[in-house]
Amino acid sequence: MEAFNELNLLEVDLPVAEQDDILLKVSHCALCRTDAKMFRQGQRDLVLPRILGHEVFGFNEQTGERFVIWPGEACGVCEECLKGHENLCSQMRIMGFHRDGGFAEYLSVSKSSVIPVPENLPGHLACLAEPLASTLNALEQARVEKNERILIYGGGPVGLLMSLAAQSLGATAFVVEKNPPKLRKSEKFRSSLAIEGSPECRLKDFDVVVNAAPSLSIFHEGMSKLRSGGCFCLFSGFTGEGTFPVSILNEIHYRQLRLAGAYGSTRRHMEKAVLLLNLFQESVSYLVEEVIELDQIPLALEAILSGDTLKFVAKI
Ligand SMILES: [Zn+2]
Ligand SMILES: [Zn+2]
């Protein structure tokens, strides 16, 4: 990508693997809403020109070893890194944002960023490890426990992966998706995991509410859906203008509610995500709308922006 709305196929030099790096042949790279937004309008961390793509599965051509890639590159020595919260490192450089990503045939990455993938997990599913890992981080920040009830706003690929992650922890997930065609698209996925979904939710007293969509109205509605002592997890950034009324602060106070922020994931979450993808291969396969070629990426990004697609995966 050289400028906004300008994504071109180019011949580039083979990346050089420095010491501590490994050269991977990229096999699959999934597209997400963040890629689509960067294509359209840029993003805080995006530096142009750039090869996009941060949901990558590839292999070592010499050894045949298969990997997904934790997209961060953290300093490894700051307090956050040392505590195992490398996603919060202030020196973070993200693949596909600050440095070149996975919409390319080859990628040089740090050996510390690769997560092994078992032989029987197909590449077009393995590359969903990155978004699934970010939902595992969110549920961890919200301290979700077994038998709890989780309300997820947003039934796109990430909200749906979040529901799978919640069920895997022994919790029960409900997905609210206001767009009926989009809700219908996820029927097969949800029924394979017995996850309820509807355009609105009449139930209350949830232990945790998560926003996997950016509208601020979700925050107001979601807070009213929490049981006392429950937690709202801010997973997607909110967009638009909004005010934060004192009444909500007082509700947090009187009902002992918690707010938990979540951003990205750590290597540990990626490892867990690979295990889950392997375990739930059939359900996850229902999330892949189409496996596309590299030159179809701009059209797929447009489709993602239009709003009701599941996951596109580029076969490189
Ligand atoms: Zn993504
Ligand atoms: Zn650091």
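Our structure's up above, just so we're on the same page.
Residues numbered from 1 in each chain as written. Chains lettered and ligands numbered in written order. Predicted model: local features only at pLDDT ≥ 70, side-chain atom pairs only at ≥ 80, totals over all residues. Heavy atoms only, no water.

Can you help me understand the side chain of K311 in this one?
Within the secondary structure layout, K311 lies in strand 13 (residues 311-315). Note on K311: relative accessible area 3%, which makes it buried. Within the local environment of K311, its side chain forms a polar contact with the side chain of E55, the two groups lying 3.0 Å apart. (Helix = DSSP H or I, 4+ residues; strand = E, 2+ residues; numbered from the N terminus. Buried < 20%, exposed > 50% of the residue type's maximum accessible area, 1.4 Å probe, protein only. Polar contact = N/O pair within 3.5 Å; in protein donor to acceptor, adjacent residues only side chain to side chain.)

Could you clarify how one ought to interpret the coordination of the zinc ion (ligand 1) in this entry?
In a perfect tetrahedron of four donors around a metal, the angles come out at 109.5 degrees. In a perfect octahedron of six, they are 90 or 180 degrees. Protein coordination of the zinc ion (ligand 1) is provided by C32 (SG), H54 (NE2) and E55 (OE), with donor distances spanning 2.1 to 2.3 Å. Positions of the donor residues of the zinc ion (ligand 1) along the chain correspond to the pattern C-x21-H-E. Here C32, found in the loop between strand 1 (21-30) and helix 1 (33-41), pairs with E55, found in strand 2 (residues 55-59); they are 23 residues apart in sequence, far enough to count as distant. With a relative accessible area of 10%, C32 lands in the buried category. (Donors = N, O, S within 2.8 Å, 3.2 Å for Na, K, Ca; no water.)

How should the side chain of K25 be read in this particular structure?
In this fold, K25 is placed in strand 1. Buried charged residue K25 carries no salt bridge. Nearest counter-charge: E105, at 4.5 Å. Residues within four places of K25 in sequence aside, it is in contact with G58, F59, E61, E105, Y106 and I316. (Lys, Arg positive; Asp, Glu negative; His and termini not counted. Salt bridge = Lys/Arg side-chain N within 4 Å of Asp/Glu carboxyl O. Contact = heavy atoms within 4.5 Å.)

Before we go on, may I ask you to explain the pattern of salt bridges in this structure?
Side chains that differ in charge, positive against negative, can pair when their charged atoms come close. Taken as a whole and assessed by the stated rule, the structure comprises 14 salt bridges. Of the charged contacts in the structure, one is a salt bridge between K83 and E79, with a shortest N-O distance of 3.7 Å. Judged on exposure class, the residue K83 and its partner E79 are both exposed. Here E86 ties to R267 by a salt bridge, and the two come within 3.2 Å at their closest N and O atoms. Taken together, the residues E86 in the loop between helix 2 (79-82) and strand 4 (106-110) and R267 in helix 10 (residues 267-279) connect sequence positions 181 residues apart. Accessibility expressed as a relative area gives 7% for E86, which makes it buried. Salt bridges sharing common partners tie together E73, R93 and R99.

What exactly am I supposed to notice about a nonpolar patch on the surface here?
Together, F244, L249 and L259 make up a nonpolar patch on the protein surface, roughly 270 Å² of accessible area in all. Relative to the helices and strands, L249 is located in helix 9 (residues 246-254). (Patch = residues over 30% accessible without salt bridge, like charges linked within 9 Å, V, L, I, M, F, W, Y side chains within 5 Å. Areas by Shrake-Rupley, 256 points an atom, 1.4 Å probe, with all protein chains shown as cover.)

Can you help me understand the packing of helix 1 against helix 12 (residues 297-306) in this one?
Helix-helix packing is described using two parameters, namely the angle between the two axes and the distance between the axes. Running from N to C, helix 1 and helix 12 cross one another at 105°; their axes reach a closest spacing of 9 Å. Comparing their axes, helix 12 and helix 1 come out roughly perpendicular. Residue-level contacts link R33, D35, A36, K37, F39 and R40 of helix 1 to P298, L301, E302, I304 and L305 of helix 12. Considering only residue class, the contact of helix 1 with helix 12 consists of six nonpolar, no polar and five charged. (Axes fitted to C-alpha atoms, helices over the stretch in contact; angles between N-to-C directions. Parallel < 35°, antiparallel > 145°, perpendicular 65-115°, else oblique. Nonpolar A, V, L, I, M, F, W, Y, C, P; charged D, E, K, R; others polar.)

I tried to follow helix 1 on my own but got confused; where do I start?
One full turn of an α-helix is made of 3.6 residues, so residues set three or four places apart face in the same direction. Listing the buried residues of helix 1 in full gives D35, A36, M38 and F39. Relative to the axis of helix 1, the buried residues are bounded by an arc of 160° and lie together on one face. Packing partners of the buried residues in helix 1 comprise strand 1 and helix 12. (Arc of directions from axis to C-beta.)

Just checking my understanding: could you explain the coordination of the zinc ion (ligand 2) for this structure?
The protein atoms that coordinate the zinc ion (ligand 2) are C75 (SG), C78 (SG), C81 (SG) and C89 (SG), at distances of 2.3 to 2.4 Å. Mapping the donors of the zinc ion (ligand 2) onto the primary sequence gives the spacing C-x2-C-x2-C-x7-C. By relative accessible area, which is 17% here, C78 ends up buried.

I keep staring at the pairing of strand 11 (residues 258-261) and nothing clicks. Help me out?
Regular strands show a simple pattern: their side chains alternate between the two faces of the sheet. Pairing of strand 10 (residues 226-234) with strand 11 involves four bridges; the strand directions are parallel. Looking at strand 11, one finds that C231 is bridged to R258. Considered for its hand, the β-α-β crossover made up of strand 10, helix 9 and strand 11 is right-handed. (Pairing = 2+ DSSP bridges. Right-handed = clockwise from strand over helix to strand, strands pointing away.)

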